[in-house]
Amino acid sequence: MTPTRDEIEERALELWRLSNPSILITPEPEELKESGYWDRARRDLMTSDASKDREVLRRVAQSLLEELHRIQDHLGEGLLSESESKAVIAGLIKRVEELSARVAVATDIVCPRCGHSWPRTSSSLYATCSKCNRHFRVV
Ligand SMILES: [Zn+2]
């Protein structure tokens, strides 16, 4: 499959953030291309599979958490003004929301009764097992 430009940009940004966790700005596509993240992202997407996606998501979640802690430190030390911190935190919340939507889709659903598992295809909170017919709330 050939990744779209948006997919490449999104993945390049993830890779960039993992390598540059302390920089709070978002680089432009040109900068991502010049620094090699664009090509890495394209290669990454061409060879992607579900488990790798989950691993990337896990690492992005970890880096977001670290970034949040760093912002808390900055705020505590008075290094960020109130308006700066509001903008940074709004951006962070948006990324966490995007991430949780993707994690929800990337995670398999496991039936608590029989252990049957299948890929999640919607963000619905409830699922019904096709093997034992158990209806349950998805964690
Ligand atoms: Zn079941």
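All values reported here derive from a predicted model rather than from experimental measurement. (Residues numbered from 1 in each chain as written. Predicted model: local features only at pLDDT ≥ 70, side-chain atom pairs only at ≥ 80, totals over all residues.)

Student: Could you clarify how one ought to interpret the overall build of the chain in this entry?
Tutor: The helix and strand tally for the chain stands at 5 helices and 4 strands. Along the chain direction, N to C, the helices and strands of the chain fall in the order α-α-α-α-α-β-β-β-β. (Helix = DSSP H or I, 4+ residues; strand = E, 2+ residues; numbered from the N terminus.)

Student: Is there a simple way to think about the nonpolar core in this case?
Tutor: In globular proteins that are soluble, nonpolar side chains generally tend to be buried together. Of all hydrophobic cores here, the largest spans 8 residues; its members are Ile8, Ala12, Leu15, Trp16, Leu32, Tyr37, Trp38 and Ala41. Mapped by element, the contributors of at least two residues to this core are helix 1 (5-19) and helix 3 (37-46). When residues in this core are grouped by element, the largest group, 4 residues, is from helix 1. (Core = buried A, V, L, I, M, F, W, Y, C linked by C-beta atoms within 7 Å. Buried ≥ 20, exposed ≤ 12 C-beta atoms within 10 Å, placed from the backbone.)

Student: Would you explain helix 1 in this entry?
Tutor: An α-helix turns once per 3.6 residues; consequently, residues spaced three or four apart project the same way. End to end, helix 1 covers 21 Å across 15 residues, agreeing with the expected 21 Å (1.5 Å per residue, within 8%). Ile8, Arg11, Ala12, Glu14, Leu15 and Trp16 are the residues of helix 1 that are buried. (Expected span 1.5 Å × (residues − 1).)

Student: Teacher, can you tell me more about the environment of Met46 here?
Tutor: Within the secondary structure layout, Met46 lies in helix 3. Taking the C-alpha atoms as reference, Met46 lies 6.9 Å from Pro3; in sequence the two are 43 residues apart.

Student: Explain unusual backbone geometry here, please?
Tutor: For residues other than glycine, phi is negative in most cases, and the peptide bonds are mostly trans. The phi torsion at Asn133 lies on the positive side, around 70°, for a residue other than glycine. In this structure, Asn133 sits in the loop between strand 3 (126-128) and strand 4 (135-137).

Student: Help me understand helix 3, please; the structure alone is not making it clear to me.
Tutor: Tyr37, Trp38 and Ala41 are the residues of helix 3 that are buried. Buried positions in helix 3, seen along its axis, are confined to an arc of 100° and lie on one side of it. Buried residues in helix 3 make contact with helix 1 and helix 2 (29-34). (Arc of directions from axis to C-beta. Contact = placed C-beta atoms within 7 Å.)

Student: Just checking my understanding: could you explain the packing of helix 1 against helix 3 for this structure?
Tutor: Relative placement of two packed helices is described by the angle separating their axes and the distance separating the axes. Closest axis-to-axis distance for the helix 1/helix 3 pair is 8 Å, and the angle between their directions is 115°. With respect to helix 3, the axis of helix 1 lies roughly perpendicular. With respect to the hand of their crossing, helix 1 and helix 3 are arranged in right-handed fashion. For the pair helix 1 and helix 3, the contacting residues are Glu7, Ile8, Arg11, Ala12, Leu15 and Trp16 in the first and Tyr37, Trp38, Arg40, Ala41, Arg42, Asp44 and Leu45 in the second. Residues belonging to the contact of helix 1 with helix 3 are distributed by class as follows: 8 nonpolar, no polar and 5 charged. (Axes fitted to C-alpha atoms, helices over the stretch in contact; angles between N-to-C directions. Parallel < 35°, antiparallel > 145°, perpendicular 65-115°, else oblique. Left-handed = near helix turned anticlockwise from the far one by under 90°. Nonpolar A, V, L, I, M, F, W, Y, C, P; charged D, E, K, R; others polar.)

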